[in-house]
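# An overview of the molecular structure
What follows is the residue order along each chain.
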Amino acid sequence: APVIQWRTMLREALAVLAAILVAFALDAWWSDRVERRVAHAALAAVAAELDANAAQLDSVIAGNAVALASIERYLALPPAAIDSIPEKELGSLLGGMDLKTVTPELGALEAFLAGGYLAELESVDTRSALAGLPGAFDARAPDDRVIQGGGGGPAPAMMRGHGPAALLAGLSGSLPGVA
């Protein structure tokens, strides 16, 4: 009858178990590494998207400041002066009053959030800000998705947080003699 080498079998079983555990640990480590790379790439895409949105917003704010100045000049004219403006110049003046809006691109941010990568960020404030950003634009009417953010001078400060309709209503309510 063959003799069973229990110690040898136990050693081999432990070696196989150790190899399986090492394989699981390596797989988890590799998966975590891949996921961090993907999260980092997704965060870089969010940063690029936010930079592009900020540049577009700055451009719109600057353009709207020019339009607001045109509106203010027009509203400051006495009625007799308005009547004496040649039609061609009046058309040019009124054409400069076109306020622009911004609809930000949020695809990379939405993919980042959907991918569950928010937990990769250390700052709670950053996580909260990014998580709330898509809803900040969805909750507004199309005219109110406009002119948020910085910019120098009094005109952009007057425009922050207002759509064109609200801006014009605010202007007409704040200028004497304009109903």
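Residues numbered from 1 in each chain as written. Predicted model: local features only at pLDDT ≥ 70, side-chain atom pairs only at ≥ 80, totals over all residues. Heavy atoms only, no water.

### Comments concerning the overall build of the protein chain
Looking only at helices and strands, the protein chain has 7 helices and 0 strands in total. Secondary structure of the protein chain in N-to-C order comes out as α-α-α-α-α-α-α. Split into buried and exposed, the 179 residues of the protein chain put 22% on the buried side. Considering only contacts within the protein chain whose residues lie at least 6 apart along the sequence, 66% involve residues at least 24 apart. (Helix = DSSP H or I, 4+ residues; strand = E, 2+ residues; numbered from the N terminus. Buried < 20%, exposed > 50% of the residue type's maximum accessible area, 1.4 Å probe, protein only. Contact = heavy atoms within 4.5 Å.)

### Let's talk about the pattern of salt bridges
Going through the model one piece at a time under the given rule, you end up with 2 salt bridges. Here Asp32 and Arg36 are joined by a salt bridge, their closest N and O atoms 3.5 Å apart. Here Asp32 pairs with Arg36, and both are found in helix α1 (residues 6-76), just 4 residues apart, close to one helical turn. Its relative accessible area of 47% is what places Arg36 among the partly exposed residues. We note a salt bridge from Glu120 to Arg36, for which the minimum N-O separation is 3.1 Å. One end of the pair, Glu120, is in the loop between α4 (107-114) and α5 (124-138); the other, Arg36, is in helix α1, with 84 residues separating them in the sequence. It is possible to trace a salt-bridge network through shared partners that takes in Asp32, Arg36 and Glu120. (Salt bridge = Lys/Arg side-chain N within 4 Å of Asp/Glu carboxyl O.)

### A few points about the nonpolar core
In this structure, Ala39, Ala42, Val46, Leu106, Ala108, Leu109, Phe112, Tyr117, Leu118, Leu121, Leu130 and Phe137 together form the largest nonpolar core, which totals 12 residues. Elements that contribute at least two residues to this core include exactly α1, α4 and α5. Those residues in contact with Ala108, other than ones at most four positions away along the chain, are Ala45, Val46 and Glu49. (Core = buried A, V, L, I, M, F, W, Y, C linked by side-chain atoms within 4.5 Å.)

### Observations concerning the packing of aromatic side chains
Going through the model one piece at a time under the given rule, you end up with 2 aromatic pairs. Taken together, a centroid distance of 5.9 Å and an interplanar angle of 55° make the contact between Trp29 and Trp30 tilted. A relative accessible area of 48% places Trp29 in the partly exposed class. (Phe/Tyr/Trp six-rings, centres within 6.5 Å; stacked < 30°, edge-to-face > 60°.)

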